[in-house]
Protein chains: 2
Amino acid sequence: MSKRITIKQLAATLGVSAATVSRALNDSFEISQPLKEKIKAYAKRVGYNPDRIAVNLRRGKTKTVGVIVPSISYNFNSRAIEGIEKIMIPMGYKVLIFQTMEGYQREKEAVEYLISINIDAVIASISAETNKYDHFDQIRQNEIPLVLIDRTSKYVEASEVVINNELSSYLAVKHLIETGRRKIAWITGPKGLPLSQLRQRGYERALEQFNIPFDPRLICNCTFNTDMGFEATKNLISKNPDIDAIYALNDRIAIGAIGAIHSLNRKIPEDIAVVGFNNEPFDPLISPSLSSVYMPSIKMGEEAARLVLSHLKEKKFLPQKRIFDTNLIVRASSQM
Amino acid sequence: MSKRITIKQLAATLGVSAATVSRALNDSFEISQPLKEKIKAYAKRVGYNPDRIAVNLRRGKTKTVGVIVPSISYNFNSRAIEGIEKIMIPMGYKVLIFQTMEGYQREKEAVEYLISINIDAVIASISAETNKYDHFDQIRQNEIPLVLIDRTSKYVEASEVVINNELSSYLAVKHLIETGRRKIAWITGPKGLPLSQLRQRGYERALEQFNIPFDPRLICNCTFNTDMGFEATKNLISKNPDIDAIYALNDRIAIGAIGAIHSLNRKIPEDIAVVGFNNEPFDPLISPSLSSVYMPSIKMGEEAARLVLSHLKEKKFLPQKRIFDTNLIVRASSQM
DNA sequence: TTGAAAGCGGTACCAG
DNA sequence: CTGGTACCGCTTTCAA
């Protein structure tokens, strides 16, 4: 009734050896068909479920990949995970999901745990808080393939699946400029984040191209949530009342910006246009509907998984880089 | 450089036995302080990370709980997981997250995997598709505590953390009636889902109390997404043009309903009021802002984790039930 | 085609 | 306080 059935017990009741049972259950060609059938049938009947811990220990591999993301509540991450699972599960892999809540400590612990359970590969998106990368180096030192997705670091040797951040950002800002905006604020994330830096470069390049002077007072570093977006926007507008557009690192920040603009009785997009990033599912629903940069999140997850599979085949780890294009989705918040 | 360091290698280089290293690393009281220090220091220096698979196999337990949810992209689930982690991680547990995409097969596989890795406890929210429950019985047969959260089944013996579905639903419909609605459509999920049935009972009870005849043509079973909500609503309204309110099982469906109502050029809430369920973060942002039933998702996750901890302490599994109150958040979609 | 036995990497009991 | 050793449950040579 209770405790787990072992292969030995099966062997005993069937009057064969544990080795034979193991072989039968693993479809070894060296077991006679009738015996194999009999063993399998019996195993099924008693609900035998092999102890994967023992199997993994013995075999030295786990048919498991770990996924580490800042938060599963971000649309990009849950979609990317969907893509990863779509590829890995049919190939017989288990996908273990960990979220770090943007924290370094939890990221480090997740990595160490995954190494300690002999994970086959790791797909990760780096936390905002992370500024040391030794834990990722450990993955590579254990000869475990590592694929970074969306949030990467030049300090980590890994395959990368990213979007063209600079170009995406350039196009978003270009759109704002071409619709008549000149005082475009940029609300971004923590300074260290490569993604922030790349997108800022795109922002600067667009300004430059249209001969709009770069004004550091229009730039604000904040964290990834709506409340911070709200505060940052209030602040920016109070100090620079002539701002006519806000470009935000992501849609959560943009939502906060919209709230702040409304609370200051300014009109969107007439007075101030808003463009976000990530194309969250709620973007078309909010008022005004939010312009945003679409990322092919599921496809990116799938590609990360494919890279994992190819790394798993190769003897030597050869990091690869995949860059995806984005799409600016223009909605009411930036278009009159 | 590469392959993992074992306890034997440590023992060899340090000139002690593997047993001693193990004891030192586990802070056993029977090792002299200086030796312990020395071993620990060396282990840290070479980055020794014990093979948790071997540890788990030997110890027979894993300090790990599994969480199985229909989809991590549902706000309720990601919040509940947040709550679970808030309690379990500080207690030294790992939390393994699995999503089933509402599928029976994936749910079953997740359960079997968790059993096969000797999980300490399971917290699960049942898939919409699931109508066989033998996999959950297996959990109990292996003497693993099981806590169901939000989506439960009377066929599964487990602790439960739920909301008062019938009452919540009753109050939502009562609100619609009290604001003058009489033809209230109810768009719900798959028929089998207990949650659907309970909420329908609340719906019926409210109608009854106000002497509004129950009309089965105003009820529509659909799946959990926006597209289905859209179709269902179009259908309902075309067949019953005098509908003056739509009450939906969840906010995704409600969003679809809003889209459909707009596409038919009806006004919300003047012509048709809408109330959803789950209070998704985008509810206040959409246009019109969506009335919805708030569920204390993080608190429910925390409570599920606390139940797990108490079950882990007790010798015998005594299923418990925790019922949480909800809050109807009235917004523009149901209030003139 | 099957069985015996070694061993994956740790832990814990038993000696000393 | 430390070492030797059996063993967790399974897989996989090696021998028969």
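In this text the structure is predicted, and so the values were computed from the model without any measurement. Residues take numbers from 1 onward in each chain, read along the sequence in its written order. Whichever chain is written first becomes A and whichever ligand is written first becomes 1, with later ones labelled in order. In keeping with the predicted nature of the model, local features appear solely for residues at pLDDT of at least 70, side-chain atom pairs appear and are counted solely at 80 or more, and the whole-chain, interface and lining totals rest on all residues. As a rule here, side-chain values cover all heavy atoms of the structure and leave hydrogens and water aside.

**Student:** Help me understand unusual backbone geometry in this model?
**Tutor:** Phi is mostly negative for residues that are not glycine, and the peptide bonds are mostly trans. With an omega of 5°, the peptide bond running from Ile268(A) to Pro269(A) counts as cis. The helix count covers DSSP runs of H or I at least four residues long, the strand count covers runs of E at least two residues long, and both are numbered beginning at the N terminus. Within the element layout of this structure, Pro269(A) appears in the loop between α11 (251-263) and β9 (273-277). Here Asp150(A), not a glycine, exhibits a phi torsion of approximately 70°, which is positive. Note on placement: Asp150(A) falls in the loop between β4 (146-149) and β5 (159-163). Phi is positive for Met101(B), which is not a glycine, with a value near 50°. Relative to the helices and strands, Met101(B) resides in the loop between β2 (94-99) and α6 (104-116).

**Student:** How should the relation of the copies chain A and chain B be read in this particular structure?
**Tutor:** In this arrangement, two copies of a chain are superimposed by a rotation about an axis accompanied by a shift along the axis. Here the copies are matched by least squares. The fit uses the C-alpha atoms of residues with pLDDT of at least 70 in both. For the pair chain A and chain B, the best superposition has an RMSD of 0.0 Å and corresponds to a rotation of 180° with a translation of 0.0 Å parallel to the axis. With respect to symmetry, the two chain copies, as superposed, fit the operation of a two-fold axis. Among all residues of chain A, the minimum C-alpha distance to the rotation axis is found for Ile286(A), at 1.9 Å. Counting the interface residues of chain A, we find that 100% of their copies in chain B are interface residues as well, pointing to one common contact surface. The contact criterion used is simple: two residues touch if any of their non-hydrogen atoms lie within 4.5 Å.

**Student:** Could you clarify how one ought to interpret the sheet that holds strand β10 (residues 291-294) of chain B in this entry?
**Tutor:** Residues and elements named next belong to chain B. Reading across the sheet, the six strands line up as β7-β6-β8-β9-β10-β12 and stay open at both edges, with mixed pairing between neighbours. The open sheet has two edge strands, β7 (219-221) and β12 (327-329), and neither has a second partner. If you compare each strand with its neighbour and ignore which way they point, the axes differ by 15° on average. Two strands qualify as a pair provided that DSSP identifies no fewer than 2 bridges between them. Of the pairings in the sheet, the one linking strand β9 (residues 273-277) to β10 comprises three bridges and is parallel in character. Among the inter-strand pairings, Val275 is bridged to a residue of β10, identified as Ser291. To obtain an axis, a line is fitted to C-alpha atoms, over the contacting stretch when the element is a helix, and the angle between two such axes runs from 0 to 180 degrees between their N-to-C directions. Against the sheet, helix α10 (residues 226-239) engages β6 (184-188), β7 and β8 (245-248), with an angle of about 150° to β6. Its contacts with the sheet place helix α11 (residues 251-263) against β6, β8, β9 and β10, and it is angled at close to 160° to β9.

**Student:** Sorry, what's going on with the domain arrangement of chain A here?
**Tutor:** It is common to report an interface's size as the accessible area lost on association of the parts. All names here are of chain A. For chain A, the domain assignment lists domain 1 (7-50), domain 2 (58-163 + 297-325) and domain 3 (165-295). Here the C-alpha centroids of domain 2 and domain 3 sit 30 Å apart. Residue-level contacts link 14 residues of domain 2 with 15 residues of domain 3. A simple way to read buried area is as the amount of 1.4 Å-probe accessible surface that goes missing from two parts once joined, with both sides added. A buried area of about 1,200 Å², summed over both sides, lies between domain 2 and domain 3, and 58% of it is on carbon and sulfur atoms. For this analysis, a salt bridge means a side-chain nitrogen from Lys or Arg found within 4 Å of a carboxyl oxygen belonging to Asp or Glu. Summed over the shared surface of domain 2 and domain 3, the result is zero salt bridges. Here a polar contact means two N or O atoms within 3.5 Å. Within protein one must be a hydrogen donor candidate and the other an acceptor candidate, and residues neighboring in sequence count only if both atoms are side-chain atoms. Connecting domain 2 to domain 3 are three residue pairs in polar contact (both at pLDDT 80 or more). Listing elements by their share of the side of domain 2 that touches domain 3, those giving two or more residues are α5 (75-88) and α12 (297-313). The start and end points of each domain follow an automatic or database-based domain assignment.

**Student:** Where do I start with the packing of helix α6 (residues 104-116) of chain A against helix α7 (residues 134-141) of chain A in this structure?
**Tutor:** Two quantities define a packed helix pair, namely the angle between the axes and the distance from one axis to the other. Residues and elements named next belong to chain A. Remark: α6 packs on α7, axes separated minimally by 9 Å, with the N-to-C direction vectors making an angle of 15°. On the basis of their axis angle, the class for α6 and α7 is roughly parallel. When you trace α6 past α7, the crossing you get is left-handed. Touching Tyr104, Glu107, Lys108, Val111, Glu112 and Ile115 of α6 are Asp134, His135, Phe136, Gln138 and Ile139, all from α7. Residues of the contact of α6 with α7, tallied by class, amount to five nonpolar, two polar and four charged. If an angle is under 35 degrees, it is roughly parallel; if it is over 145, roughly antiparallel; if it lies from 65 to 115, roughly perpendicular; otherwise it is oblique. When the near helix sits turned anticlockwise from the far one by under a right angle, the crossing is termed left-handed; a clockwise turn instead gives a right-handed crossing. Each residue is assigned to one class: nonpolar for Ala, Val, Leu, Ile, Met, Phe, Trp, Tyr, Cys and Pro, charged for Asp, Glu, Lys and Arg, and polar for all the others, Gly among them.

**Student:** Whenever I open this one, the state of the cysteines confuses me. Can you help?
**Tutor:** What we call a disulfide is simply a covalent bond connecting the sulfur atoms of a pair of cysteines. Residue and element names in this part refer to chain A. Two cysteine sulfurs form what is called a disulfide whenever their separation falls within 2.5 Å. According to the stated counting rule, one finds zero disulfides over all chains in the structure shown. Left without a disulfide partner, Cys220 is nearest to the cysteine sulfur of Cys222, which lies 5.6 Å away. Partly exposed describes any residue whose relative accessible area lies between the buried limit of under 20% and the exposed limit of over 50%, with all areas from a 1.4 Å probe on protein chains only and scaled to the type maximum. Owing to a relative accessible area of 18%, Cys220 belongs among the buried residues under this scheme.

**Student:** What is the right way to look at the interface of chain A and chain B in this model?
**Tutor:** Taken together, the contacts link 44 residues of chain A with 44 residues of chain B. Connecting chain A to chain B are two salt bridges. There are 10 residue pairs in polar contact (both at pLDDT 80 or more) connecting chain A and chain B. At the level of secondary structure, the elements contributing two or more residues to the side of chain A that touches chain B comprise α4 (52-59), α5, β2 (94-99) and α6 of chain A. Across the side of chain A that touches chain B, the residue classes break down as 20 nonpolar, 13 polar and 11 charged.

**Student:** Mind showing me how you'd approach a positive patch on the surface here?
**Tutor:** Patch membership requires more than 30% relative accessible area and the absence of a salt bridge. Residues of like charge join within 9 Å; the nonpolar side chains Val, Leu, Ile, Met, Phe, Trp and Tyr join within 5 Å. All accessibility values rest on the Shrake-Rupley procedure with a 1.4 Å probe; residue burial counts only the protein chains present in the view. Under this rule, positive means Lys or Arg and negative means Asp or Glu; His and the chain ends count for nothing. By convention, the charge on Lys lies at NZ, on Arg at CZ, on Asp at CG and on Glu at CD. Taken together, Arg52(A), Arg59(A), Lys61(A) and Lys63(A) make up a surface patch of like positive charges. Along the chain, Lys63(A) turns up in the loop between α4 and β1 (64-69).

**Student:** Sorry, what's going on with the protein's contact with DNA strand C here?
**Tutor:** Each residue is tested against the molecule or strand, and it is near if at least one of its non-hydrogen atoms lies within 4 Å. Not every one of the 26 residues close to DNA strand C is listed here, only the nearest: Thr20(A), Arg23(A), Arg58(A), Ser22(B) and Arg58(B). A distance of 3.1 Å separates a base nitrogen of DNA strand C from a polar side-chain atom of Arg58(A). In this structure, Asp51(B) approaches DNA strand C through a main-chain N or O atom, which is 3.4 Å from a phosphate oxygen. Going through the elements one at a time, α2 (18-25) and α4 of chain A together with α1 (7-14), α2 (18-25) and α4 (52-59) of chain B are the ones with two or more residues in the surface near DNA strand C. The element best represented in the surface near DNA strand C is α4(B), accounting for five residues. Looking at the surface near DNA strand C residue by residue, the class counts come to 12 nonpolar, six polar and eight charged.

**Student:** Even after reading the chapter, I still don't get the packing of aromatic side chains, so can you show me in this structure?
**Tutor:** In this description, a pair of aromatic rings is defined by centroid distance and the angle of the planes. All names here are of chain A. Only Phe, Tyr and Trp rings take part, Trp by its six-membered ring, and two of them pair if their centres are within 6.5 Å. Stacked means planes under 30 degrees apart, edge-to-face means over 60, and tilted covers everything else. Taken as a whole and judged by the stated rule, the model has 10 aromatic pairs over all chains. A network of ring pairs unites the aromatic residues Trp186, Tyr203, Phe214 and Tyr247 as a single cluster. To sit over a ring, a charge needs its Lys NZ or Arg CZ within 6 Å of the ring centre and within 35 degrees of the ring normal. A cation sits over an aromatic face here: Arg205 above Tyr170, 4.5 Å from the ring centre.

**Student:** Would you take a moment to explain the pattern of salt bridges for this structure?
**Tutor:** Residues and elements named next belong to chain A. All told, the structure shown has 38 salt bridges over all chains when counted by the stated rule. The partner of Asp134 in a salt bridge is Lys108, and the shortest N-O contact between them spans 3.7 Å. Of this pair, Asp134 sits in helix α7 while Lys108 sits in helix α6, and the two are 26 residues apart along the sequence. Classification of Lys108 by relative accessible area gives buried; the value is 18%. The salt bridge partner of Glu303 is Arg306, with a shortest N-O separation of 2.8 Å. With Glu303 and Arg306 both in helix α12, this residue pair falls three residues apart, about one helical turn. Overall, Glu303 belongs to the buried group, its relative accessible area being 13%. Through salt bridges with shared partners, a single ionic network connects Lys86, Glu302, Glu303, Arg306 and Arg322.

**Student:** Please clarify how the pairing of β8(B) should be interpreted in this entry.
**Tutor:** Each regular strand shows side chains that alternate between the opposite faces of the sheet. Residues and elements named next belong to chain B. Residues of β8 alternate between two faces, with Ala245 and Tyr247 on one and Ile246 and Ala248 on the opposite face, all of them buried. In this sheet, β9 lies alongside β8 in parallel orientation, the contact comprising three bridges. Residue Ile246 lies in a different strand from β9, and its bridge partner there is Val274. When the strands point away from the viewer, a crossover counts as right-handed if the path from the first strand over the helix to the second runs clockwise. Once you follow β8 into α11 and on to β9, the crossover reads as right-handed.

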